[in-house]
Amino acid sequence: MPGYDDAELAAWSVPELLEKMVEDEDRVPRNVIDELARRGTETLRILQARLQSDGFWSEEDTDGQWWLRLHAIMILGLLPDEEAGRLLLMAMRRMCEEEDENLQGWLSGYWPALFRNKPESVSEPLRALCEDRSLDWYMRVNAAEPVIAAAEHKGAAALNAALDWLARLVADEKEDWDLRLCAANTLLDFPRVSYRPLLEALATRQKKPDVHFTNADIEEAYVAGRDKLDWLRFGNPWQFYTPAAIAARQARWVREDAEQEQRRAGGREMYFDDEAFPPYIRLEPKIGRNDPCPCGSGKKFKKCHGTPNTGLTLQ
């Protein structure tokens, strides 16, 4: 496992630290991330140039260069500046435009935490991203989550206003159907009386096997009558850098490589359909009624890749 003392890190430039992260791939220690966040303005300037570069998003990247994308977003999540929020928004758009479904899968659920320390001025651009129909529905749904989380933090009036905004998207017949259903699941976490007819109408229109929620789910949510702050389960993206998480990932890679080699030796090599199941999505999935599968299918996790031994349960 890589390890660096703080004095060693302080002596390196920002580009040198970024190159070290490329070398270490998913084994980067937390103090490297913290050191880059400590550099503040300098780190922001260099990350902005990287994020704007077409080469940063190249499909020909090495594994280390791909991991650098995730590390860059984790660093931006630590910085409280408006500029850091703007760069996070840029990254969300770019990973959607470049169809980097693996990175979207890794970060799904964590956006409220990554935007948590950002100023209020970032909320409107987040709403604009969610409303942008030129983007894929999956990233748009991810953008809605930090909008609702930030509003909830401000109080009941702000939360209800944000939920009304989301309900308008759900009710819009011109909107993407998958976005409407996933956003409706969020409304179901905040069972307001005014949303129930809309939710029941959507439940009736869903067809098996792609059923996100049923009238029974609606009844259960409204009987409970409690708001569910789902993003609290994903409050610390930086657990990724703990020694235990790093060690667990390395053990998982070794085990999966060995299993793949056994399949290959037995003439049963596993092939992945990149469209349906990207092979490198390895994040704790969002498990629950209102959690879309990280593969991006739009189905419930338990009805898609949530079966045992799918490889989507390890950080």
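For the structure, check the block above.
Let me sum up the structure you'll find in this document. (Residues numbered from 1 in each chain as written. Predicted model: local features only at pLDDT ≥ 70, side-chain atom pairs only at ≥ 80, totals over all residues. Heavy atoms only, no water.)

Quick look at the overall build of the protein chain now. When its secondary structure is counted, the protein chain shows 15 helices and zero strands. Burial analysis of the protein chain (315 residues in total) assigns 51% to the buried set. Looking at the protein chain alone, contacts between residues at least 24 apart form 71% of all its contacts between residues at least 6 apart. (Helix = DSSP H or I, 4+ residues; strand = E, 2+ residues; numbered from the N terminus. Buried < 20%, exposed > 50% of the residue type's maximum accessible area, 1.4 Å probe, protein only. Contact = heavy atoms within 4.5 Å.)

Moving on: the layout of surface pockets. What the second largest pocket holds in volume is close to 400 Å³. Lining the second largest pocket we find 21 residues, and of these Phe115, Arg116, Ala149, Ala150 and His153 sit closest to its centre. Counting only elements with at least two residues in the lining of the second largest pocket, the list comes to α8 (111-115), α9 (123-131) and α10 (137-154). The element that contributes the greatest number of residues to the lining of the second largest pocket is α10, accounting for six residues. Tallied by class, the residues present in the lining of the second largest pocket amount to 13 nonpolar, three polar and five charged. (1 Å grid on protein atoms, 1.4 Å probe; cavity = no way out; pocket = protein on both sides within 12 Å on 5 of 7 lines; lining within 4 Å. Points joined across faces, edges and corners; volume = space filled by probe spheres on them. Nonpolar A, V, L, I, M, F, W, Y, C, P; charged D, E, K, R; others polar.)

Across soluble globular proteins, nonpolar side chains show a tendency to be buried alongside one another. Within the largest apolar cluster, 83 residues are counted, with the highest numbers of intra-cluster contacts made by Met21, Ile73, Met95, Trp111, Leu114, Leu199 and Phe213. Every residue in contact with Ile73, bar those within four places of it in the chain, is listed here: Leu88, Ala91, Met95, Leu103, Leu107, Trp111 and Leu114. (Core = buried A, V, L, I, M, F, W, Y, C linked by side-chain atoms within 4.5 Å.)

Below, the discussion takes up the pattern of salt bridges. For the structure on display, the rule yields 24 salt bridges. Measuring nitrogen to oxygen at the nearest pair gives 3.1 Å for the salt bridge that ties Glu23 to Lys20. Taken together, the positions of Glu23 and Lys20, both in helix α2 (residues 14-24) and three residues apart, correspond to about one turn of that helix. One network of salt bridges, in which partners are shared, links Arg133, Arg140, Asp172 and Glu175. (Salt bridge = Lys/Arg side-chain N within 4 Å of Asp/Glu carboxyl O.)

Looking at the element boundaries, Lys118 is found in the loop between α8 and α9. Residue Lys118 is classed as buried on the basis of its relative accessible area, which comes to 9%. From its side chain, Lys118 meets the backbone oxygen of Leu114 in a polar contact 2.9 Å long. A distance of 2.7 Å separates polar atoms of two side chains, one belonging to Lys118 and the other to Asn117. (Polar contact = N/O pair within 3.5 Å; in protein donor to acceptor, adjacent residues only side chain to side chain.)

For an α-helix, the turn length of 3.6 residues means that residues three or four places apart are oriented alike. The end-to-end C-alpha separation of helix α5 (residues 63-78) is 23 Å, in line with the 22 Å expected for 16 residues at 1.5 Å each. Taking burial as the measure, the 16 residues of α5 include 13 buried ones, the bulk of the element. (Expected span 1.5 Å × (residues − 1).)

Moving on, we get to the packing of α10 against helix α12 (residues 177-188). Closest axis-to-axis distance for the α10/α12 pair is 9 Å, and the angle between their directions is 25°. Taken together, the axis directions place α10 and α12 in an arrangement best described as roughly parallel. Of the two possible hands of crossing, α10 and α12 adopt the one that is right-handed. Across the interface between the two elements, Trp137, Arg140, Val141 and Ile148 from α10 touch Asp178, Leu179, Cys182 and Thr186 from α12. Grouping the constituent residues of the contact of α10 with α12 by class yields five nonpolar, one polar and two charged. (Axes fitted to C-alpha atoms, helices over the stretch in contact; angles between N-to-C directions. Parallel < 35°, antiparallel > 145°, perpendicular 65-115°, else oblique. Left-handed = near helix turned anticlockwise from the far one by under 90°.)

This part covers the packing of aromatic side chains. The final tally for this structure, using the stated rule, is 11 aromatic pairs. For the ring pair Tyr4 and Trp12, a centre distance of 5.5 Å and an interplane angle of 70° mean the geometry is edge-to-face. The class for Tyr4 is buried, based on a relative accessible area of 14%. Between the aromatic rings of Tyr110 and Phe234, the centroid separation amounts to 5.3 Å while the plane-to-plane angle is 85°, which identifies the pairing as edge-to-face. Residue Tyr110 is found in the loop between α7 (101-107) and α8, and its partner Phe234 is found in the loop between α14 (215-224) and α15 (243-265); the two are separated by 124 residues along the sequence. Looking at Tyr110, the relative accessible area reads 5%, which means it is buried. Put simply, the rings of Trp66, Trp67, Trp106, Phe240 and Tyr241 pair up and form one aromatic cluster. In this structure, Arg196 packs its charged tip against the face of Tyr222, placed 4.9 Å from the ring centre. Here Arg249 stacks its cationic end above the ring of Phe240, 3.6 Å away from the centre of that ring. (Phe/Tyr/Trp six-rings, centres within 6.5 Å; stacked < 30°, edge-to-face > 60°. Lys NZ or Arg CZ within 6 Å of the ring centre and 35° of its normal.)

Geometric values such as these leave the question of function open.
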